[in-house]
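# Survey of secondary and tertiary structure
Listed below, chain by chain, are the residues.
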Amino acid sequence: MYSYNILRNRRALTITEVIISSAVAMYIVLALWAVYVIGFKWWYETAPFVEAQRTARMALNAVIEGAMDTTAGQDVLSTPTSKTYKRRNGIAWAMRKKSDTYPRPYPEITDDGRRINFRLEQDSSNVRSFYLGTVSESIKAVYYVDNASVAHKIKSTEGITDLIFESVAGYDNLFKVTAKVERYAAGTKYESSPLIVEYSDFIYLRNL
């Protein structure tokens, strides 16, 4: 009688429990697989593209808007309270002076289109520049030449492959800047065919 009761109290998994357990296990496996696929796709395809986009955009922003520069002067607003704002050293803040005749009115673009010389609002004789320079054998970056003729590498632009400055035909105060990144990324979608990202923007000079 005692042995019989023990046997009666033992329970096996029902068919419903087996189905539910299998479904939960399958759900976990599929979730892990989805995470793997998403991570692999990001590393294989998206991450190199996003990094190239970031480099090209940083190059454009560095050239057009520039960074706050103590040598670029400052603006003081007295209303409603007095506040001082440092000016930036980008080309968007350059001065277009038609009286500058040597070799051309500033901003001046070199013949190869990869360097632009300009003057900021308060500059009277010194010339500043942005250009595409070489960091190493395979790495390039944007460089900025300050009012003391000292060149500074803009670190956030390392990896850019081309930077083109153009005058827009028919306008003496409108310029186009194009930043391009072209690279191969080992172990990714772009291992055999290059990843190419290109951005362009226009600069309108208001100081004539």
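Residues numbered from 1 in each chain as written. Predicted model: local features only at pLDDT ≥ 70, side-chain atom pairs only at ≥ 80, totals over all residues. Heavy atoms only, no water.

### A closer look at the packing of aromatic side chains
For the structure shown, the criterion picks out three aromatic pairs. Both rings, one in F118 and one in F130, keep their centres 5.6 Å apart while their planes meet at 5°; by these two values the pair is stacked. Linking F118 in strand β4 (residues 115-118) with F130 in strand β5 (residues 128-134), this pair joins segments that are twelve residues apart in sequence. Summarising the burial analysis for this pair, F118 and F130 share the class buried. Measuring from ring centre to ring centre gives 5.1 Å for F130 and Y144, while their planes differ by 40°; the resulting arrangement is tilted. Remark: Y144 occurs in strand β6 (residues 140-145) and F130 occurs in strand β5; sequence separation between them is 14 residues. Overall, F130 belongs to the buried group, its relative accessible area being 1%. (Phe/Tyr/Trp six-rings, centres within 6.5 Å; stacked < 30°, edge-to-face > 60°. Helix = DSSP H or I, 4+ residues; strand = E, 2+ residues; numbered from the N terminus. Buried < 20%, exposed > 50% of the residue type's maximum accessible area, 1.4 Å probe, protein only.)

### Overview of the sheet that holds strand β7 (residues 151-153)
Pairing is antiparallel in the open sheet, where five strands are placed in the order β3-β4-β5-β6-β7. At either margin of the open sheet sits one strand with a lone partner, and together these are β3 (108-109) and β7. (Pairing = 2+ DSSP bridges.)

### Side note on the pairing of β5
Most of β5 is tucked away, with six of its seven residues classed as buried. The pairing of β4 with β5 spans four bridges and is antiparallel. Paired with F118 across the strands is R128, a residue of β5. Two strands pair when backbone bridges link them, and β5 and β6 are joined in this way by six bridges, in the antiparallel orientation. Bridging from a neighbouring strand, F130 pairs with Y144 of β6. Between the end of β5 and the start of β6, which pair antiparallel, lie five residues.

### Topic: the environment of W93
Looking at the secondary structure, you find W93 in the loop between β2 (83-86) and β3. C-alpha of W93 to C-alpha of A72: the two residues are 21 residues apart in sequence and 9.3 Å apart in space. Excluding residues that lie within four positions of it along the chain, W93 makes contacts with I64, E65, R88, R119, L120, E121 and R206. Within the local environment of W93, its side chain forms a polar contact with the backbone oxygen of E65, the two atoms lying 3.3 Å apart. (Contact = heavy atoms within 4.5 Å. Polar contact = N/O pair within 3.5 Å; in protein donor to acceptor, adjacent residues only side chain to side chain.)

Everything listed is a geometric property; what it means functionally is a separate question.
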